[in-house]
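What follows is each chain in one-letter form.
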Amino acid sequence: IDTAEAQLLFDEAPLGLLAVLATAIKDRKSGKAVFYNRNFHVEPTNICAFKCKFCSYRKPADSPDAWSYSREEILEQVSRYVGSGVTEVHIVGGVHPAHDLYYYADLIRQIKETLPEVTVKAFSAVALDDMIGKAGLSPDAGLRLLLQDGMETMTGGGAEIFHEGIRQRIRRVKSSTPRRLDHHTT
């Protein structure tokens with residue numbers, strides 16, 4: 001379909017119609033075959049610069065419940081999957097105040113050296129906003145660095161609520177909706 005048709009569907013099509021159209025296109029492309037990936041999660045830390053009440057990654061560094069894996073421990077977790085047939089590593093966790101873009105870019109590069117065949121899906125837009133901001137880079141430059149070192153896609157987490165007024169009441173210092181959407185657009 002062209003851009004005008006896509007916009008018309010976006011603006012006016014009921015969800016049921018979109019589901020029928022999506023199913024028809026999927027069936028045309030792959031029949032009844034279903035595709036999936038085999039992934040595992042790496043959660044480097046639950047220490048987080050933000051303190052959102054509903055998040056499991058929100059411990060201050062001095063909390064007795066805080067944990068943070070070393071690079072070696074993370075790579076040990078990753079190495080357990082060599083030869084297992086996994087297709088994706090999903091990296092999520094707290095926004096660690098001491099870890100920056102370069103720390104994570106290097107970690108991703110090392111993960112790809114260990115499992116070159118896997119897709120690296122990593123970081124929420126909130127985490128990216130923090131680490132790229134600490135590096136003093138634009139979203140485009142920061143994401144290019146991560147892509148260069150092996151990150152291929154980002155997670156959808158960290159949004160919770162897009163309504164800016166409610167979002168500000170939940171956690172004021174967290175990345176704004178426009179900034180989050182800017183990272184996804186980029």
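Residues numbered from 1 in each chain as written. Predicted model: local features only at pLDDT ≥ 70, side-chain atom pairs only at ≥ 80, totals over all residues. Heavy atoms only, no water.

1. A few points about the environment of Leu-143
Structurally, the position occupied by Leu-143 is in helix H6 (residues 139–148). Leu-143 gets classed as buried once you look at its relative accessible area, which sits at 8%. When the C-alpha atoms of Leu-143 and Met-154 are compared, they prove to be 9.7 Å apart, with 11 residues separating the residues in sequence. (Helix = DSSP H or I, 4+ residues; strand = E, 2+ residues; numbered from the N terminus. Buried < 20%, exposed > 50% of the residue type's maximum accessible area, 1.4 Å probe, protein only.)

2. Quick look at the nonpolar core
A general trend in soluble globular proteins is that nonpolar side chains are found buried together. Within the largest apolar cluster, 35 residues are counted, with the highest numbers of intra-cluster contacts made by Ile-91, Phe-123 and Met-151. Per element, the largest residue contribution to this core is seven residues, and it comes from helix H4 (residues 101–114). Among all residues touching Ile-91, those that are not within four sequence positions of it are Val-42, Pro-44, Ile-108, Ile-111, Val-120, Lys-121, Ala-122, Phe-123 and Thr-155. (Core = buried A, V, L, I, M, F, W, Y, C linked by side-chain atoms within 4.5 Å. Contact = heavy atoms within 4.5 Å.)

3. Quick notes on the packing of aromatic side chains
Scanning the entire structure with this criterion turns up four aromatic pairs. Each ring, one from Trp-67 and one from Tyr-69, has its centre 5.2 Å from the other, and the planes form 50 degrees; the classification is tilted. A relative accessible area of 33% means that Tyr-69 is categorised as partly exposed. By way of ring pairs, the aromatic residues Tyr-103, Tyr-104 and Phe-123 are connected into one cluster. (Phe/Tyr/Trp six-rings, centres within 6.5 Å; stacked < 30°, edge-to-face > 60°.)

4. A look at the pairing of strand S1 (residues 39–42)
Side chains Phe-40 and Val-42 of S1 all project onto a buried face; the interleaved residues Asn-39 and His-41 project onto a face where none is buried. Here four bridges tie S1 to strand S2 (residues 88–91), and the two strands are oriented parallel to one another. Opposite His-41, over in S2, you have His-90 as the bridge partner. (Pairing = 2+ DSSP bridges.)

Bear in mind that shape data such as this cannot, by itself, settle questions of function.
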